Structures are given as C-alpha cells and as structure tokens.
Amino acid sequence: MPRIRCPCRPGRSASLPQLSLHSPLGSLTLTQEDDALVALDMGWGRDQEETTLLREARDQLHAYFDGDLPRFALPLAPVMATPYRTRVWAALSAIPFGETRTYADLAKIAGGSARSIGQANSVNPLPILIPCHRVVAATHIGGFSMDGGLETKRFLLSLERRDRQQIGQAA
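In the nomenclature of an unreviewed UniProt entry, the protein is known as Methylated-DNA--[protein]-cysteine S-methyltransferase of Lichenicola cladoniae.

*Asks:* What is the right way to read the confidence of the model for the protein from this model?
*Replies:* Keep in mind that low pLDDT regions are not for reading the predicted coordinates in detail. Taken residue by residue, the protein gives an average pLDDT of 88. The fraction at 70 or more is 87%. The model gives residues 1–10 a pLDDT under 50, and that stretch makes 34 contacts with residues more than four places away or in other chains.

*Asks:* Honestly, helix H3 (residues 103–110) in this entry has me stumped. Any pointers?
*Replies:* Each full turn of the α-helix corresponds to 3.6 residues, which orients residues three or four apart in the same direction. Taken as a whole, H3 has its buried residues at Tyr-103, Leu-106, Ala-107 and Ala-110. For H3, the angular spread of the buried residues around the axis is 105°, confining them to a single face. Structural note: H3 exposes Lys-108 and Ile-109 on the side pointing more than 90 degrees away from its buried face. Just beyond H3, the residue with positive phi is Gly-111, at close to 90°.

*Asks:* Would you mind going over the pattern of salt bridges with me for this structure?
*Replies:* When charged atoms on two side chains of opposite charge get close, those side chains can pair. What the rule picks out here adds up to six salt bridges. A salt bridge links Asp-47 to Arg-46, with the shortest nitrogen-to-oxygen separation between them at 2.8 Å. Put simply, Arg-134 and Glu-160 hold a salt bridge, and the shortest N to O gap is 2.8 Å. Of this pair, Arg-134 sits in the loop between helix H4 (114–122) and strand E5 (135–136) while Glu-160 is found in helix H5 (residues 149–170), placing the two residues 26 residues apart along the sequence. On the basis of relative accessible area, Glu-160 is assigned to the buried category, the value being 0%. Ionic contacts of the salt-bridge type, sharing partners, join the residues Glu-50, Arg-55, Arg-58 and Asp-59 into one network.

The rules behind each value
- Residues numbered from 1 in each chain as written.
- Predicted model: local features only at pLDDT ≥ 70, side-chain atom pairs only at ≥ 80, totals over all residues.
- Heavy atoms only, no water.
- pLDDT = per-residue confidence, 0-100.
- Contact = heavy atoms within 4.5 Å.
- Buried < 20%, exposed > 50% of the residue type's maximum accessible area, 1.4 Å probe, protein only.
- Helix = DSSP H or I, 4+ residues; strand = E, 2+ residues; numbered from the N terminus.
- Arc of directions from axis to C-beta.
- Salt bridge = Lys/Arg side-chain N within 4 Å of Asp/Glu carboxyl O.

Encoded structure:
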C-alpha cells in the first residue's frame with residue numbers, strides 16, 4: 001500500500017516537475033513535489049520535466065493499463081490533504097485490486113459518514129493511484145469526479161476485473 005503523508009505547503013509557488021503520458025483514458029499528467037507525487041490530472045501538461053520518480057510513475061501507470069501491475073509502489077503526498085482525507089485515502093489504497101467497497105464500508109474504517117467519504121473522494125488529487133474508483137454506493141455505482149465521470153469509473157473497474165481474472169488463471 002502506498003504511504004500517504006499529509007504535507008504542509010505554505011507559500012509554495014515554484015514550478016513543479018510534471019510528466020504527461022498517453023493512456024486508454026486520454027492524456028494524463030503526473031505532478032511531483034519534492035520526493036512524492038502530488039497530483040494526477042487529465043490532459044497534457046504544458047511543461048514536461050522527466051525525473052526518476054515521474055518516469056517510474058509513468059511506467060507503473062502503463063503497466064497498470066496493460067494489466068501487468070495490480071498495486072502501485074510510489075510515494076504519494078496528495079495536495080489538499082487534511083488529516084481526515086489522509087485517513088480516507090489510506091483506506092482507499094488498502095482496497096485490493098479488482099475489488100470494491102461501499103462508502104459505508106470506508107466510513108467504518110476512516111470515520112465519518114458515507115457522504116464525507118464521497119466528499120473526500122471527490123477531491124482526491126491522485127485518482128487511479130489512490131483508487132477512489134473502487135468505492136461504490138450500496139445500491140449503485142456511486143459517483144466519480146475524474147473527467148469522463150461514470151464512464152471512466154466503469155472502464156477502470158472493468159479493466160481491474162478482467163486483469164484480476166487473468167492473474168488468477170495464470171497462478
């Protein structure tokens with residue numbers, strides 16, 4: 001499980017290294033601050049700067065989309081982290097590849113309510129890496145704030161189910 005820390009960023013205004021990649025979802029841009037990833041956004045970043053960490057993250061995302069990587073091993077320090085969101089995002093990161101949990105399940109682990117879990121998910125700055133797509137409502141698929149919305153969420157869940165079946169057959 002990725003270790004998620006709750007960083008403080010007072011007065012940070014310097015340009016942060018970014019690296020973009022093509023994916024089945026479209027262009028994605030990774031952003032690094034210090035020694036950790038702080039954001040994953042849709043779209044192609046204006047400035048590209050390859051660092052060792054950004055190259056590793058890009059390679060892990062490619063392997064994930066190819067079905068060869070069920071767990072990310074990257075240092076994460078999500079922007080907009082609060083102590084509560086950090087607990088929620090750590091609980092999300094513990095959901096196994098190819099599985100889902102309900103908002104209520106996560107509330108039992110991280111505290112709060114199903115609604116507060118949904119709110120923390122909606123501001124997750126590292127979707128896919130912190131797998132908020134693995135959280136569903138008790139009676140339906142729930143929401144998803146990444147570009148493409150529910151279509152993207154369905155794609156990611158389908159990708160993981162398919163790859164999990166293939167991994168199980170290979171074992």
